[in-house]
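Each chain is listed here by its residues.
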Amino acid sequence: MAFTLYSLLQAALLCVNAIAVLHEERFLKNIGWGADQGIGGFGEEPGIKSQLMNLIRSVRTVMRVPLIIINSVAIVLLLLFG
Amino acid sequence: MHPAGLAAAGTPRQPSKRRIPVSQPGMADPHQLFDDTSSAQNQGYRAQRAPSGLGYPAASASPQAAFLADPVSNMAMAYGSSLAAQGKELVDKNIDRFIPVTKLKYYFAVDTMYVGKKLGLLVFPYLHQDWEVQYQQDTPVAPRFDVNAPDLYIPAMAFITYVLVAGLALGTQDRFSPDLLGLQASSALAWLTLEVLAILLSLYLVTVNTDLTTIDLVAFLGYKYVGMIGGVLMGLLFGKIGYYLVLGWCCVSIFVFMFPILQGVMMKPKALGGGRMRRSGRCG
């Protein structure tokens, strides 16, 4: 089975890319997953959905710039080494 | 008596006056090399630590001794060794930031009895009664003293053994080549990473306030390699039936094993402060 660490890294990169391209206004709001639609007060249990929305929003905020760099590196490596 | 230094080459030197014991680290042996071959007056004097006293007559000695006797290179060596000591300090200070070495030591504090009991527990957990990890003043007791504590020794050994046994199995099927070993290891490591990430994600989403650190999780997930080794070995001995039987048995055992232990670790009351890092599902 050719499931190596490198393919795991590639899959993770693709997943993070997928999360990063979700558009806040056009898409997430329309399905009710916008980041500012989640806070239901300061209750005890945030709930899975709000945790997920928080996760998506934080991934998009944090990984925006590093993703540019990592993607460029991955593209160059794939071009050179296939 | 003039300070050790640039004595004129030809003057007969009085060894006792010239040798000012300047201690330079790590310079004892080259002096003896130098002393034996330098000019005749220095015969018989055991050089202590005066490299600067062994000045320029070094030209007559071997080039290696000459290099070592040169004051500049002496200073360079002293500087280099002090630099190495500083570098070692720096590495020791900073390594703790990236790899928590002291915490890792806890996971390797095992002894033979613990390993034996734990292996037995992994294969047959059905009769074990008490799954709580004993604490000692808010830090968990070392694995040596409590069979329920997680350790990294068994998973590490089991992982390596599994890769080797998989290579053996491939060999019996005439499919072996050395790079396949690396592929197996990488593949197993990738699956382990995937599982750790999946569990971390689920713990985050479900906002469980647990005491479970990442290393603990790696330790618990690494226990499955023991079952895998058993399965592959049985498969080698008894063919497909043996393989599936033992694999099924080990799956059920690991399931029965994980359940109470994770419960015991995860449901620790939040009242225990300090000690280990906490994993909190809630932000902030």
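Every chain is numbered independently, its residues counted from 1 as its sequence is written. As a convention, the first chain written is A and the first ligand written is 1, with the rest following in written order. Reporting in this predicted model follows two pLDDT cut-offs: at least 70 for local features of residues, and 80 or more for side-chain atom pairs to be given and counted; totals over whole chains, interfaces and linings ignore these cut-offs and use all residues. Each side-chain value is worked out from all heavy atoms of the structure, with water and hydrogens disregarded.

### Focus: the pattern of salt bridges
Residues and elements named next belong to chain B. To keep it simple, the criterion reads: Every case where a carboxyl oxygen of Asp or Glu lies within 4 Å of a side-chain nitrogen of Lys or Arg is listed as a salt bridge. Runs of H or I in DSSP of at least four residues are treated as helices and runs of E of at least two as strands, each being numbered from the N terminus.
All told, the structure shown has 1 salt bridge over all chains when counted by the stated rule. Of the charged contacts, one joins Lys 224 and Glu 195 as a salt bridge, the two residues approaching to 3.2 Å between their closest N and O atoms. In this pair, Lys 224 sits in helix α10 (residues 224-266) while Glu 195 sits in helix α8 (residues 178-205), placing the two residues 29 residues apart along the sequence.

### So, helix α7 (residues 153-172) of chain B
All names here are of chain B. Stated formally: How far a helix is expected to stretch is found by multiplying one less than its residue total by 1.5 Å. Burial here depends on accessible area, computed with a 1.4 Å probe over protein chains only, as a share of the maximum for the residue type. Under 20% is buried, over 50% is exposed, and the range in between is partly exposed.
In this model α7 runs 29 Å from its N-terminal to its C-terminal C-alpha over 20 residues, within 8% of the 28 Å that 1.5 Å per residue would give. Taken as a whole, α7 has its buried residues at Ile 154, Pro 155, Ala 158, Phe 159, Tyr 162, Val 163, Val 165, Ala 166, Gly 167, Ala 169 and Leu 170. Note on α7: the residue one or two positions beyond its end, Asp 174, has a positive phi of about 60 degrees.

### Notes on unusual backbone geometry
Residues and elements named next belong to chain B. In the Ramachandran plot, Asp 174 falls in the positive-phi region, its phi being about 60 degrees despite a non-glycine side chain. Assignment of secondary structure puts Asp 174 in the loop between α7 and α8. Overall, the relative accessible area of 73% leaves Asp 174 in the exposed class.

### What to know about the environment of Thr 4 of chain A
Note the threshold: In what follows, residue pairs with any heavy atoms lying within 4.5 Å of each other are defined as contacts.
Inspection of the secondary structure assignment puts Thr 4 of chain A in the segment before α1 (5-20). Apart from the residues within four sequence positions on either side, Thr 4 of chain A is in contact with Leu 183, Ser 186 and Ala 190 of chain B.

### Considerations on the packing of aromatic side chains
Residues and elements named next belong to chain B. Worth spelling out the cut-off: For Phe, Tyr and Trp, where Trp contributes only its six-membered ring, two rings pair if their centres lie within 6.5 Å, and the inter-plane angle classes them as stacked under 30 degrees, edge-to-face over 60, or tilted in between. Geometrically, a lysine NZ or arginine CZ counts as sitting over a ring once it is within 6 Å of the ring centre and also within 35 degrees of the ring normal.
Enumeration over the complete set of coordinates arrives at 10 aromatic pairs over all chains. Consider the rings of Phe 124 and Tyr 126, whose centres lie 5.2 Å apart with planes at 85 degrees: the pair is edge-to-face. Overall, Phe 124 belongs to the partly exposed group, its relative accessible area being 40%. Between the aromatic rings of Tyr 126 and Trp 249, the centroid separation amounts to 5.6 Å while the plane-to-plane angle is 70 degrees, which identifies the pairing as edge-to-face. Placement of the pair is Tyr 126 in the loop between α6 (112-123) and β1 (135-136) and Trp 249 in helix α10, with a sequence separation of 123 residues. Assessed through its relative accessible area of 32%, Tyr 126 is described here as partly exposed. A residue is classified by how much of its surface remains accessible, and Trp 249, at 40% relative accessible area, is partly exposed. Taken together, the aromatic side chains of Phe 124, Tyr 126 and Trp 249 make up a single cluster linked through ring pairs. Seen from the ring of Tyr 225, Lys 224 lies directly overhead, with NZ or CZ sitting 4.7 Å from the centre.

### Side note on the state of the cysteines
Rules: In this description, the term disulfide denotes a pair of cysteine sulfurs within 2.5 Å.
Under the counting rule described, the total for this entry stands at 0 disulfides over all chains. A disulfide-free cysteine, Cys 250 of chain B has its sulfur positioned 7.3 Å from the sulfur of Cys 251 of chain B, the nearest such atom.

### A closer look at the UniProt feature "transmembrane region" (unreviewed entry) in chain B
Put simply, the test is: UniProt positions are given in the numbering used here, feature names are shortened, and annotations may be inferred rather than shown by experiment.
Taking the numbering used here, the UniProt-annotated feature "transmembrane region" (unreviewed entry) corresponds to residues 152-171, 183-205, 217-237 and 243-262 of chain B. Strand forms 0% of residues 183-205 of chain B and helix 100%; the C-alpha atoms that close the span are 33 Å apart.

### Thoughts on helix α3 (residues 48-81) of chain A
Helical geometry note: an α-helix holds 3.6 residues per turn, so side chains three or four residues apart project in the same direction. Inclusion rule: Fitting axes to the seven residues ending at a residue and to the seven starting there, one defines the bend at that residue as the angle between these axes.
Over its 34 residues, α3 of chain A extends only 41 Å from the first C-alpha to the last, a length that falls short of the 50 Å expected when each residue adds 1.5 Å. Of all bends in α3 of chain A, the biggest is about 55 degrees, found at Met 63 of chain A, and the proline Pro 66 of chain A comes one to four residues later. The complete set of buried residues in α3 of chain A reads Ser 50, Gln 51, Met 53, Ile 56, Arg 60 and Leu 67 of chain A. The secondary structure elements touched by the buried residues of α3 of chain A are α1 and α2 (24-28) of chain A together with α8 of chain B. Of the residues one or two after α3 of chain A, Gly 82 of chain A is the one with positive phi, at around 80 degrees.

### A look at the UniProt feature "transmembrane region" (unreviewed entry) in chain A
Here, the residues flagged by UniProt with the feature "transmembrane region" (unreviewed entry) are residues 62-81 of chain A. For residues 62-81 of chain A, helix accounts for 100% and strand for 0%, while the C-alpha atoms at its two ends are 29 Å apart.

### Details of the packing of α3 of chain A against α8 of chain B
For the record, the criterion: Lines fitted to C-alpha atoms define the axes here, with helix axes fitted over just the stretch in contact, and angles between the N-to-C directions of these axes take values from 0 to 180 degrees. The scheme is simple: roughly parallel for angles under 35 degrees, roughly antiparallel for over 145, roughly perpendicular for 65 to 115, oblique for anything else.
Packing of α3 of chain A against α8 of chain B leaves a shortest axis separation of 9 Å and a crossing angle of 120 degrees. The angle between α3 of chain A and α8 of chain B places the two elements in the oblique class. For the pair formed by α3 of chain A and α8 of chain B, the contact residues are Ile 48, Gln 51, Leu 52, Asn 54 and Leu 55 of chain A on the first element and Leu 201, Tyr 204 and Leu 205 of chain B on the second.

### Here's the deal with a nonpolar patch on the surface
All names here are of chain A. We apply this condition: Patch membership is restricted to residues that have no salt bridge and whose relative accessible area is over 30%. Joining uses 9 Å for like charges and 5 Å for the nonpolar side chains Val, Leu, Ile, Met, Phe, Trp and Tyr. Each accessible area value is a Shrake-Rupley result obtained with a 1.4 Å probe; residue values ignore everything except the protein chains displayed when judging cover.
Among the surface-exposed residues, Val 65, Ile 68, Ile 69, Ile 70, Val 73, Val 76, Leu 77, Leu 80 and Phe 81 lie close enough to one another that they form a single nonpolar patch of about 890 Å² accessible area. As for its position among the elements, Val 76 is in helix α3. With relative accessibility at 45%, the residue Val 76 sits in the partly exposed group.

### Some details on the nonpolar core
Residue and element names in this part refer to chain B. Basically, it comes down to this: The term nonpolar core refers to a set of buried residues drawn from Ala, Val, Leu, Ile, Met, Phe, Trp, Tyr and Cys, joined through side-chain atoms within 4.5 Å.
Of all hydrophobic cores here, the largest spans 32 residues; its most connected members are Tyr 223, Tyr 225 and Phe 257. Elements that contribute at least two residues to this core include exactly α6, α7, α8, α9 (214-222) and α10. If we skip the residues at most four places from it in the chain, Tyr 225 touches Pro 155, Ala 158, Phe 159, Tyr 162, Ala 188 and Leu 192. Listed in part, the 8 residues of the second largest apolar core include Tyr 107, Ala 109, Ala 142 and Leu 152.

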